[in-house]
Structures are given as structure tokens and as C-alpha cells.
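# Structural features, examined
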Amino acid sequence: MFGLFGKKPGKNPNVKQDDIHTYRVRVRTKLHGEIVEFRFTKSAHIGINDDGTYLFRKAVVSPKHFDRGELLVTFDKRYNVTATTGEGVEFVPVSEWED
């Protein structure tokens, strides 16, 4: 009876889900190491991809040195995080910044 519906996907270590609609990520710029946090929601910020999955793509500009980059968080059809990638930035694991 256990495992009847398959294995639940594991949580992504780089994305924190605040509630059923809200997510947060923190990235560190590669050039100066500045931390930038993004908060995004399903209804306002996450778009649909051509294959029916979802994604959040955001340009990153750090506040102090104006370092630039881009982050991408991809989701499956049930809004489970499948991947996190970035250009000019690296993701800060939730374990490092969680209260």
C-alpha cells in the first residue's frame, strides 16, 4: 500500500517554498559575491513553457556593484522544481540562509 502512487520528488535545495503559491531563491553574483533574493508567485511570475511545464526566468542586477546575470527555475506540471540554472550567478542553498 505504501508507495502506491509512486515516489514523491525531492525538494530542490536552492528553492524555498513559503506557501503553496510563493517561492524564494537567493543567488550570489560571481563577480563580487553579492547576495540577491527573489520572491516569486505562481500567478504573477511563473510562465508556461512550450512543452506544458513551467519556468521562472529573471535578469539579476546586484544593488551595490550592478553585477549582471540571469537565473532560471524550471518546474514540472505540478509545480515541483526540476532544475535551477544561472548565468553569472550561483544559487545559495536554502540550508545556508534559512531561519
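For the structure itself, look to the data block above.
These lines cover the structure that appears in this document, whether it is placed above or below. What you are looking at is a predicted structure, and each value in this text was computed from that prediction instead of being measured. (Residues numbered from 1 in each chain as written. Predicted model: local features only at pLDDT ≥ 70, side-chain atom pairs only at ≥ 80, totals over all residues. Heavy atoms only, no water.)

## A look at the sheet that holds strand β5 (residues 54–61)
- Spatially, four strands are ordered β4-β5-β6-β7 in an open sheet, and the strand pairing comes out antiparallel. The sheet terminates laterally at β4 (47–48) and β7 (81–87), the two strands that pair on one side only.
- Summarising the sheet, β5 and strand β6 (residues 68–75) pair through eight bridges and their orientation is antiparallel. Bridge assignment links V60 to a residue of β6, and that residue is G69. (Pairing = 2+ DSSP bridges. Helix = DSSP H or I, 4+ residues; strand = E, 2+ residues; numbered from the N terminus.)

## Focus on the nonpolar core
- Among the nonpolar cores identified, the biggest contains 18 residues, and V25, V27, F40, I46, L71, V73 and F75 are the most heavily contacted of them.
- Those elements that provide at least two residues to this core are β2 (22–29), β3 (35–41), β5, β6 and β8 (89–91).
- Apart from residues lying up to four places away in sequence, F40 is in contact with H21, T22, Y23, R24, V25, H45, I46, F56, V73 and F75. (Core = buried A, V, L, I, M, F, W, Y, C linked by side-chain atoms within 4.5 Å. Buried < 20%, exposed > 50% of the residue type's maximum accessible area, 1.4 Å probe, protein only. Contact = heavy atoms within 4.5 Å.)

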